[in-house]
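Remarks on the overall topology
One-letter residues, chain by chain:
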Amino acid sequence: MTRHALTADRTATRARGRLEAVLRRGDFALTAETSPPDAGAPAPVLARGGCLKGLADAVNVTDGAGARAHMSALAAAALLARDGIEPVLQFTMRDRNRLALQGDILGAAALGIPNILCLHGDDVATGDQPEAKPVYDIDSRELMRTARRMRDEGTFPSGRPIEPRPALFIGAADRPTDPKPGWKPDALLAKIDAGADFVQTQYCFDMDLLRRYLARLADHGVLERLFVIVGIGPIASAKSARWMNENLFGVQIPEEIVRRLDGARDQQAEGRRICVELLQELSEIDGVGGAHLMAPRQEEAIAEVIADSGLLSRRSAA
Amino acid sequence: MGMYAVRLWSVRHSRLLESFYQGFERIIVRLDPLWKRIGYERLEQPVAAVERQVKGLLFDCQMCGQCALSSTGMSCPMNCPKNLRNGPCGGVRANGHCEVKPEMKCVWVKAWEGSQQMLEGKAILDVQKPVDNTLKGHSSWLRVAREKAGARAQPEGRAS
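Keep in mind the model is a prediction, meaning the values are calculated, not measured. (Residues numbered from 1 in each chain as written. Chains lettered and ligands numbered in written order. Predicted model: local features only at pLDDT ≥ 70, side-chain atom pairs only at ≥ 80, totals over all residues.)

Examining the overall build of chain A
- The helix and strand inventory of chain A stands at 11 helices and 8 strands.
- Taking 2.2 N^0.38 as the reference for a compact globule, 318 residues should give roughly 20 Å; the C-alpha atoms of chain A span a radius of gyration of 19 Å, in line with that estimate.
- Projected onto the principal axes, the alpha-carbon positions of chain A cover approximately 60 × 45 × 40 Å.
- Counting the 318 residues in chain A, one finds 47% classified as buried.
- Here the analysis covers contacts within chain A between residues at least 6 apart in sequence; of these, 80% occur between residues at least 24 apart. (Helix = DSSP H or I, 4+ residues; strand = E, 2+ residues; numbered from the N terminus. Rg over C-alpha atoms; globule rule 2.2 N^0.38 Å. Buried ≥ 20, exposed ≤ 12 C-beta atoms within 10 Å, placed from the backbone. Contact = placed C-beta atoms within 7 Å.)

Below is the structure:
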């Protein structure tokens, strides 16, 4: 099985974290997602995300998910890192201006967080305090550009030096689509130009669509320049699959999967089984760097799926 | 600079503007049934456009949609570069000018002066809630009419 040669970041002499190391040596990477709790103590962070230790190569920490206030992503990620769980710190553009974002990039690196993921963020109107001011001082692409500059040139956008530079593996979000004739991955190419080393995608349960999408990415040279980590997850029930189809932008769960869930006696267990099968299938697809497992507030289900997939034991010794 | 001179004039005449606004407010609150019949939603755009012109001229109004002029001596706090709505920052210069825009008098120094001439001037001590950004660009007048008319209707409703 050949994965892509690494050219995304020529300046790096060695991997900055476990996620990057796994991707670079061509092993199938496994990332998961956890959300910081509404709590003012460290224990609930570990109670949620702790089960992923040793299983996920890195764990994404969401930033104000649902446009609501929760424990800060930076603090929760630092707590995970302290406990030996490598975070992917998510940055949304909604709540902080460029100065705060730059400060938090340095803070993240200083706290041992090697990965960041730059996102737009849910609109404040969808949260529980819609009267809050949406910041959006810069967009996610500009943050990638800024982060890369801080890392590679060791300066803030103003030119002021940073010493030592932050070691960062820079990520972006993506959404696999069925490519129409003539479609080009312009958005993805722009993200690469802005500094993205990897992308984590929205849920993609349709492996045929994914193959068509990846073929098009390969045509445009994306896969040599970027690690693509594909989003999947254990679906809790047929009902939740239908809800996702109707409410999650860009998500299309194939009818066949919905039918399987519908017909199962234990839909939750069936959802996990389907996820394990998809994981194994994903790991065989050329051009896929890894899988990103998402299941809101169900970190244990993700841990179980990773363990059941047997993917970790198949790895080449590091 | 012309606009700025008008803004300063408004603060100097805060007492006059206060009485004018109190009369104006009484009328628009009393006309609530009419606004209801036309539809507040339908009135929103045209009224906001007029409000923007009038208050823009007099106060450099930024259309925050939650007007505080009656509590701030007719000096609009949204013209403070830091958008402070509860008093000045620590950077006011010795001559009473703004830390960020040295050519401008501190909005809150003017607010204090204006409030001292007003009948309800002590309202400057009321604590203003954080800005509700969903109201930005909307008419403050219509909001006041709807809310005050609603508040007046409520006790009667409870009595019956």
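Once you've had a look at it, read on.
Notes on helix α6 (residues 186–194) of chain A
All names here are of chain A.
- Within the span of α6, buried status applies to Leu188, Lys191 and Ala194. Each buried residue of α6 lies within a common arc of 115° when the element is viewed along its axis, so the set occupies one face. In α6, those exposed residues whose orientation departs by more than 90 degrees from the buried face are Asp186 and Asp193.
- Those residues of α6 that are buried lie in contact with α5 (140–153), β5 (169–174) and α7 (207–219).
- Glycine 195 lies just past α6 and shows a positive phi near 130°. (Arc of directions from axis to C-beta.)

Things to note about helix α5 (residues 107–117) of chain B
Residue and element names in this part refer to chain B.
- Looking only at α5, the buried set comprises Val107, Trp108, Lys110, Ala111, Gly114 and Ser115. Buried residues in α5, looked at end-on, bunch into an arc of 150°, giving them a common side.
- Here the buried face of α5 lies against α1 (2–12) and α2 (14–30).

Digging into the environment of Gly64(A)
Residue and element names in this part refer to chain A.
- Among the structural elements, glycine 64 can be located in the loop between β2 (58–61) and α3 (73–82).
- By C-beta crowding, glycine 64 is classed as buried, having 22 other C-beta atoms within 10 Å.
- When the C-alpha atoms of glycine 64 and phenylalanine 227 are compared, they prove to be 26 Å apart, with 163 residues separating the residues in sequence.
- Those residues in contact with glycine 64 that lie beyond four places of it in its chain are Ala69, His70, Thr92, Arg94, Asp95 and Gly121.

Some thoughts on the sheet that holds strand β6 (residues 198–203) of chain A
All names here are of chain A.
- The strand order around the closed barrel built from 8 strands is β1-β2-β3-β4-β5-β6-β7-β8, with neighbouring strands paired in parallel fashion. On average, adjacent strands in this sheet sit at an angle of 25° to one another, irrespective of strand direction.
- With 4 bridges joining them, β6 and strand β7 (residues 227–232) adopt parallel strand pairing. Across the sheet, residue phenylalanine 198 finds its bridge partner in β7, namely phenylalanine 227. (Pairing = 2+ DSSP bridges. Axes fitted to C-alpha atoms, helices over the stretch in contact; angles between N-to-C directions.)

Concerning the nonpolar core
- Counting 87 residues, the largest nonpolar core has Ala77(A), Leu89(A), Ile116(A) and Ile232(A) as the members making the most contacts within it.
- The dominant element in this core, judged by the number of residues it contributes, is α3(A), at 8 residues.
- Val11(B), Leu69(B), Met74(B) and Cys76(B) belong to the second largest nonpolar core, which has 11 residues in total. (Core = buried A, V, L, I, M, F, W, Y, C linked by C-beta atoms within 7 Å.)

Quick notes on the packing of helix α10 (residues 267–282) of chain A against helix α11 (residues 299–309) of chain A
All names here are of chain A.
- Relative to each other, α10 and α11 sit at 50°, their axes nearing to 9 Å. On the basis of the axis angle, α10 is oblique to α11. Considering the relative orientation of α10 and α11, their crossing is right-handed. The residues of α11 that touch α10, namely those facing Arg272, Cys275, Val276, Leu279 and Gln280, are Ala301, Glu304, Val305, Asp308 and Ser309. (Parallel < 35°, antiparallel > 145°, perpendicular 65-115°, else oblique. Left-handed = near helix turned anticlockwise from the far one by under 90°.)

Overview of the confidence of the model for chain B
- Mean pLDDT over chain B: 94, with 96% of residues reaching 70 or higher.
- The complex prediction reports pTM at 0.89, with the ipTM value standing at 0.79. (pLDDT = per-residue confidence, 0-100.)

Concerning the pairing of strand β8 (residues 290–293) of chain A
Residues and elements named next belong to chain A.
- Covered by surrounding structure in β8 are Gly290 and His292 together with Ala291 and Leu293, the residues of both alternating faces.
- Where strand β1 (residues 29–34) and β8 come together, 4 bridges link them in parallel fashion. Bridging across to β8, threonine 31 finds its partner in histidine 292.

A closer look at unusual backbone geometry
Residue and element names in this part refer to chain A.
- Cis peptide bonds are those with omega within 30 degrees of zero, and the linkage from glutamate 163 to proline 164 qualifies with -5°.
- Mapping proline 164 onto the fold places it in the loop between α5 and β5.
- Located in the positive-phi region is alanine 67, a residue other than glycine, with phi close to 55°.
- Take alanine 67: it is sitting in the loop between β2 and α3.

Topic: the packing of helix α8 (residues 238–247) of chain A against helix α9 (residues 255–263) of chain A
Residue and element names in this part refer to chain A.
- Taken N-terminus to C-terminus, the directions of α8 and α9 make an angle of 155°; their axes are 8 Å apart at the nearest point. On the basis of their axis angle, the class for α8 and α9 is roughly antiparallel. Residues Ala238, Ala241 and Arg242 of α8 form the contact with α9, whose participating residues are Ile257, Val258, Leu261 and Asp262.

Topic: the environment of Gly159(A)
Residues and elements named next belong to chain A.
- Relative to the helices and strands, glycine 159 is located in the loop between α5 and β5.
- Given 8 C-beta atoms within 10 Å, glycine 159 falls into the exposed group.
- Along the primary structure glycine 159 and glutamine 102 are separated by 57 residues, whereas in three dimensions their C-alpha atoms are 13 Å apart.

Regarding the environment of Leu79(A)
All names here are of chain A.
- Secondary-structure assignment places leucine 79 in helix α3.
- With 23 C-beta atoms packed within 10 Å, leucine 79 lands in the buried category.
- The contacts of leucine 79, once residues within four sequence positions are left out, are Pro42, Val45 and Leu46.

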